[in-house]
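# Topology and contacts: notes
The lines below spell out each chain.
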Amino acid sequence: MGGMMLIAQRALFGVAAAFWLLTGTLALFGVLHLGATGAGARVLGVLMLGNGAAFALAGWLALRGYRLVDLASLVLVAANAVLSVTDEIGLVDVLSLGVNVGLLALPVVNLRRQSVIYWRRE
């Protein structure tokens, strides 16, 4: 993957990780209300923290030549995109969806760019 695309993808994974870690922490301590109360809010907070950790790990491991890790990263992003639109859509969902669409678009754009470069060489 091109240098700028690699930096952009890792940066977006970092943004997603920071977003989910912050949102999870705020939900865990009851500062951010996401429609759940009590134990439900804490469970959501823990799930968001886990999601943030998964994004951080994906950003750290992505695009290092391990196709299984790259595939798992794309599955993580796709699952998050789907989950963003399956419930009541709020600000958190819109922000998450924006980052997820960017993360899904980067590999597609890069593959398309590489195929154009490949075909022009002949």
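These lines cover the structure that appears in this document, whether it is placed above or below. (Residues numbered from 1 in each chain as written. Predicted model: local features only at pLDDT ≥ 70, side-chain atom pairs only at ≥ 80, totals over all residues. Heavy atoms only, no water.)

## Observations regarding the overall build of the protein
- Regarding its fold elements, the protein presents four helices and zero strands.
- What you see in the protein, going N to C, is helices and strands ordered as α-α-α-α.
- Within the protein, the fraction of its 122 residues that count as buried is 28%.
- Accessible surface, the protein as shown: approximately 7,800 Å² in total, 73% of it carbon and sulfur. (Helix = DSSP H or I, 4+ residues; strand = E, 2+ residues; numbered from the N terminus. Buried < 20%, exposed > 50% of the residue type's maximum accessible area, 1.4 Å probe, protein only. Areas by Shrake-Rupley, 256 points an atom, 1.4 Å probe, with all protein chains shown as cover.)

## Examining the environment of Gly 98
- Within the element layout of this structure, Gly 98 appears in helix H4 (residues 91–121).
- Residue Gly 98 is classed as partly exposed on the basis of its relative accessible area, which comes to 48%.
- As a C-alpha pair, Gly 98 and Ser 84 span 14 residues in sequence and 9.8 Å in three-dimensional space.

## So, the nonpolar core
- Counting 15 residues, the largest nonpolar core has Phe 13, Trp 20, Phe 55, Val 77 and Leu 103 as the members making the most contacts within it.
- Among the elements that make up this core, the one with the highest residue count is helix H1 (residues 3–28) (six residues). (Core = buried A, V, L, I, M, F, W, Y, C linked by side-chain atoms within 4.5 Å.)

## Focus on the environment of Leu 12
- Within the fold, Leu 12 resides in helix H1.
- You can call Leu 12 partly exposed: its relative accessible area is 23%.
- The spacing of Leu 12 and Phe 55 is 43 residues in sequence and 9.4 Å in space, taken between C-alpha atoms.

## Considerations on the environment of Phe 29
- As for its position among the elements, Phe 29 is in the loop between H1 and helix H2 (39–61).
- Considering only alpha carbons, one finds Phe 29 and Gly 45, 16 residues apart in sequence, at a separation of 8.1 Å.

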